[in-house]
Amino acid sequence: AKEAGRNTFEFYRPDAGEEAGNNLLLLEEIRSGLTRGEFLLHYQPQIDLASGRLCGLEALVRWAHPQRGLLGPDQFIPVAEEGGLIHALGKFVLKTACRQLQAWQRQGVPVVPVSVNVSARQFAHPGWTDLVRVQIERSGIDPHQLELELTESMLMRNVEQAIATMHELRALGVTFAIDDFGTGYSSLSVLRSFPVSRLKIDQAFVRDITRDTSGRGIAEAIISLGHTLKLRVIAEGVETPEQLEFLKAAGCDEAQGYLFARPMPADEIPGQLARDPGQ
Ligand code: C2E
Ligand code: CA
Ligand code: CA
Ligand code: CA
């Protein structure tokens, strides 16, 4: 750590120059990690609240770093975005999810749709729709099994372009969810112009359910907004039975969170499906 004040403990904070250097280093590591096959996907179950059945999986990227262990996306996605590597990483994620779907299909695993996170720069990349088309064709999956998660704030950046890109992808059979919903200040009229099928209530609102009545009111409002737009509503970050009970009573359609299951490696998914009470 750097020199700290006399009686204070200070965390080491790199200055702007050092940070840029560290990011360049990390960027190089990401690049070589991609070619060495160090990245992988974990999958987190999504539960249909009416039936209790597993109804979908969210693909979440991980990095099995040779020195630092398993890293989560927050530790490398922002740097990959800034450094122009997000397209390569996004390609890996999409390809891996499609191949995994295909593998489960071949093994006779009762497949459910897989949702893939797409970042703003990936989505705005001119090659993006072609990439999706090619991955669907190569893997031979049913495109309806592939859902793309787009955040509300990224859709609001360029509404016209987002709608156009979404329609192109929709024509392939792909579906959409709005991720982190409630954090992006979109108006109802704009919302209804996006061809989406699901709204994902941001975990911050799910957390607030157990905090106070206004937290509960907001969650209810988001659910009824989603239903007004004829969308399925999924709550993420569900951790407690109280949150689950509230969401069920409020008419929320689906839930995802540690209460049900953590994100897990692909090979644990068939077991989850087998344990599923509905299967
Ligand atoms: P997100 O899309 O909002 O994903 C949900 C995050 O919440 C995941 O974190 C998940 O592991 C975590 N989570 C799930 N259930 C619970 C819970 O009950 N409680 C709490 N506290 N957290 C829960 P993760 O995997 O670290 O991903 C973080 C973010 O990184 C994601 O947020 C997403 O924005 C991004 N990300 C993940 N995978 C990808 C990817 O393949 N591509 C891109 N572009 N972004 C990704
Ligand atoms: Ca997501
Ligand atoms: Ca989210
Ligand atoms: Ca998030």
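The structure this text deals with has already been given above.
Treat the numbers as computed from the prediction; the structure is a model and nothing was measured. (Residues numbered from 1 in each chain as written. Chains lettered and ligands numbered in written order. Predicted model: local features only at pLDDT ≥ 70, side-chain atom pairs only at ≥ 80, totals over all residues. Heavy atoms only, no water.)

Undergrad: Hey, could you run me through the environment of Q75 in this one?
TA: Positionally, Q75 belongs in the loop between β3 (69-71) and α2 (77-82). On the basis of relative accessibility, which here comes to 46%, the residue Q75 falls in the partly exposed class. C-alpha of Q75 to C-alpha of R62: the two residues are 13 residues apart in sequence and 9.5 Å apart in space. (Helix = DSSP H or I, 4+ residues; strand = E, 2+ residues; numbered from the N terminus. Buried < 20%, exposed > 50% of the residue type's maximum accessible area, 1.4 Å probe, protein only.)

Undergrad: Looking at this structure, how should I read the site of ligand 1?
TA: As a structural note, the neighbourhood of ligand 1 is formed by 22 residues, with Q44, R62, Q203, E239 and Y258 the closest of them. Q44 places a polar side-chain atom, nitrogen or oxygen, 3.0 Å from a nitrogen atom of ligand 1. One of the side-chain nitrogen or oxygen atoms of D179 is found 3.0 Å away from an oxygen atom of ligand 1. In isolation ligand 1 exposes 800 Å². Once the protein is present, 82% of that is buried. Its atoms largely coinciding with the cavity grid, ligand 1 occupies the largest pocket. Among the secondary structure elements, those contributing two or more residues to the shell around ligand 1 are β2 (54-65) and β6 (175-181). Of the residues forming the shell around ligand 1, the biggest block, four residues, is contributed by β2. Within the shell around ligand 1, the residues separate by chemical class into eight nonpolar, seven polar and seven charged. (Near = heavy atom within 4 Å. Polar contact = N/O pair within 3.5 Å; in protein donor to acceptor, adjacent residues only side chain to side chain. Areas by Shrake-Rupley, 256 points an atom, 1.4 Å probe, with all protein chains shown as cover. 1 Å grid on protein atoms, 1.4 Å probe; cavity = no way out; pocket = protein on both sides within 12 Å on 5 of 7 lines; lining within 4 Å. Sits in = over half its atoms within 2 Å of the grid points. Nonpolar A, V, L, I, M, F, W, Y, C, P; charged D, E, K, R; others polar.)

Undergrad: How should I be thinking about the coordination of the calcium ion (ligand 3) in this particular structure?
TA: Each pair of donors in an ideal four-coordinate tetrahedral metal site encloses 109.5 degrees, whereas pairs in an ideal six-coordinate octahedral site enclose 90 or 180 degrees. At 2.0 to 2.9 Å from the calcium ion (ligand 3) lie its protein donor atoms, namely D179 (OD), D180 (OD), E236 (OE) and E236 (OE). Binding-site remark: the calcium ion (ligand 3) is held by donors from one chain whose sequence spacing is D-D-x55-E. A spacing of 3.9 Å is found between the calcium ion (ligand 3) and the calcium ion (ligand 2), which share D179 as a donor. One end of the pair, D179, is in strand β6; the other, E236, is in strand β8 (residues 232-236), with 57 residues separating them in the sequence. For the pair formed by D179 and E236, the shared burial category is buried. (Donors = N, O, S within 2.8 Å, 3.2 Å for Na, K, Ca; no water.)

Just geometry here; none of it tells us what the structure is for.
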